[in-house]
Amino acid sequence: RGPRATQNIPAGSQREQLERLVETLDVVKLIQSFDADFDIPLAHGTAIGLLHMKRAFDPLPDAGPAALAVRVGAFWCDVVRSDIEFDLRHGLARIDESVADAERLSRTVQGGHTSDDFPAYVAARWSDGAGKILYRVGSHARGRMRFSTACAIAAASRLWWCLPDLRSNLLRAQLEEARQAAGQQGDRPEDVIDKLEAEKELCEQVAADHGIPLAGRIPAASRDREFLRGYSSLLHNLSYAIQDTDPARSLATSERASRISSGLHDGYREAQALNHQALVIDRHHAQVRREKSDAENLYERLLRLPWIRGRRIAIQNLARIRGGLAGAHQLAQLLDELAAEGPASGGSAGLDIDLRAYTVSA
């Protein structure tokens, strides 16, 4: 046990054992289950380390759709990690490294040159992941176009299990653009909310068709869990869209989303939902018949979840709500952390414009 048990093993033996184990790994299955089995528990490093050991990121000149899908899928996994950790500079670099192959894969899929759904799944997921990074850095139109491409590929290939998540991201982007347009030509926010409502109903019908429970028992199949996670994301974005027009329903919808996320052990989306609920209670406590202190309790719960950015949002809001000299010191310390982390981590915090701006405002 411990170091003593390995001190007589010749150098390289453990590495060779590990390499033999990795040889048996099915990289296609790893990528297919990445959302449900690695992204949900925030175990990105395990999957990405294995993909490096499988040399999945290596360039593949003239590769066919199956091999190309593995490489593009590996990059998608790393883009997802960058998005969750808000390491946006790294995410942009990974998009640049893989965009040519991803677009070649998309053309192959859209041209109907493969009957396997794995290349289509990867092409759709990569486009969605790239859209998230682009949207976060302020390239809203390019991000929305990537979301549209992802949805088109997934719909054409009948990838029912990932469509809720993809459509949820597209509709959230359309909502933000409609709000920014402020009545100019294009969709109104109310139109996008109607689309979110319709998408929610469609998801519930698909769940019934496939026997996926939307409450209670969490299904074992990774596709079912991926679908359920996308449905939770759709509920979250609907609750965000109606937070000021119907705060009571917004809160109830968000609480439903967080129950699903909690059942999935999805700390990231659970944290998003708790943050939203605290915000709604803080702003509309009388309308939703809750005490303002309930918002503080939700932020306290957020502090105990593993999503780092979520914990910082909670620190920021607790300091703002409680005020006083202690709150001022907490906000100053958070700003110092963001400033120090930017150069040290390749600019991840430096590109987190929203968190910095809200902290300064507080």
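Rules of the game
Residues numbered from 1 in each chain as written. Predicted model: local features only at pLDDT ≥ 70, side-chain atom pairs only at ≥ 80, totals over all residues. Heavy atoms only, no water. Helix = DSSP H or I, 4+ residues; strand = E, 2+ residues; numbered from the N terminus. Buried < 20%, exposed > 50% of the residue type's maximum accessible area, 1.4 Å probe, protein only. Core = buried A, V, L, I, M, F, W, Y, C linked by side-chain atoms within 4.5 Å. Axes fitted to C-alpha atoms, helices over the stretch in contact; angles between N-to-C directions. Left-handed = near helix turned anticlockwise from the far one by under 90°. Contact = heavy atoms within 4.5 Å. Nonpolar A, V, L, I, M, F, W, Y, C, P; charged D, E, K, R; others polar. Patch = residues over 30% accessible without salt bridge, like charges linked within 9 Å, V, L, I, M, F, W, Y side chains within 5 Å. Areas by Shrake-Rupley, 256 points an atom, 1.4 Å probe, with all protein chains shown as cover. Salt bridge = Lys/Arg side-chain N within 4 Å of Asp/Glu carboxyl O. Phe/Tyr/Trp six-rings, centres within 6.5 Å; stacked < 30°, edge-to-face > 60°. Disulfide = S-S within 2.5 Å.

**Q** Got a minute to help me understand the side chain of E270 in this structure?
**A** One can find E270 in helix α13 (residues 267-284). Accessibility expressed as a relative area gives 12% for E270, which makes it buried.

**Q** In this structure, what is going on with the nonpolar core? I would like to understand it.
**A** One recurring pattern in soluble globular proteins: nonpolar side chains tend to sit buried together. If you look at the biggest cluster of nonpolar residues, it comprises 88 residues, and the most contacted ones within it are I31, L51, W76, L105, V122 and W126. Per-element accounting of this core gives the leading share, eleven residues, to helix α5 (residues 65-84).

**Q** What is the right way to look at the packing of helix α6 (residues 88-110) against helix α7 (residues 117-136) in this model?
**A** Each pair of packed helices gets described by two things: the angle between the helix axes and the distance between those axes. One can describe the packing of α6 onto α7 by two numbers: an axis separation of 9 Å at closest approach and a directional angle of 145°. Handedness of the crossing formed by α6 with α7: left-handed. Mapping the contact onto sequence places L88, G91, L92, I95, S98, V99, A102, L105, S106 and V109 in α6 and P119, A120, V122, A123, W126, A130, I133, L134 and R136 in α7. Residue composition of the contact of α6 with α7, grouped by class: 15 nonpolar, three polar and one charged.

**Q** What exactly am I supposed to notice about a nonpolar patch on the surface here?
**A** There is a patch of nonpolar side chains on the surface, built from L18, L21 and M53 and spanning about 290 Å² of accessible area. Locating M53 in the fold gives a position in helix α4 (residues 44-53). Taking relative accessible area as the criterion, M53 reaches 39% and is therefore assigned partly exposed.

**Q** Would you mind showing me how to read the packing of aromatic side chains here?
**A** Aromatic rings considered in pairs are described by the distance between their centres and by the relative angle of their planes. Scanning all chains against the criterion turns up nine aromatic pairs. A ring pair is formed by F34 and F38, whose centres lie 6.2 Å apart and whose planes are at 15°; its orientation type is stacked. Linking F34 with F38, this pair stays in helix α3 (residues 34-39), spanning four residues, or about one helical turn. Classification of F34 by relative accessible area gives buried; the value is 0%.

**Q** Can you help me understand the pattern of salt bridges in this one?
**A** Side chains that differ in sign of charge can pair as their charged atoms come close. Following the criterion strictly, the structure yields 36 salt bridges and no others. R290 serves as the salt-bridge partner of D294, at 3.1 Å between the closest nitrogen and oxygen. When salt bridges that share partners are traced, they join D35, D39, R125, D128, D165, E226, R229, D266 and R269 into one network.

**Q** How should the state of the cysteines be read in this particular structure?
**A** Put plainly, a disulfide is one covalent bond tying together the sulfur atoms of two cysteines. Scanning the model with the defined rule gives zero disulfides in all. Its sulfur unpaired, C151 is 8.8 Å from the next cysteine sulfur, which belongs to C162.

**Q** Teacher, can you tell me more about unusual backbone geometry here?
**A** For residues that are not glycine, phi is negative in most cases, and the peptide bond is trans in most cases. Positive phi outside glycine occurs at L42, with the angle close to 55°. Among the secondary structure elements, L42 is positioned in the loop between α3 and α4. Since its relative accessible area comes to 25%, L42 is described here as partly exposed. Notably, R289 is not glycine yet its phi reads approximately 60°, a positive angle. Inspection of the secondary structure assignment puts R289 in the loop between α13 and α14 (292-303). Looking at R289, the relative accessible area reads 76%, which means it is exposed.

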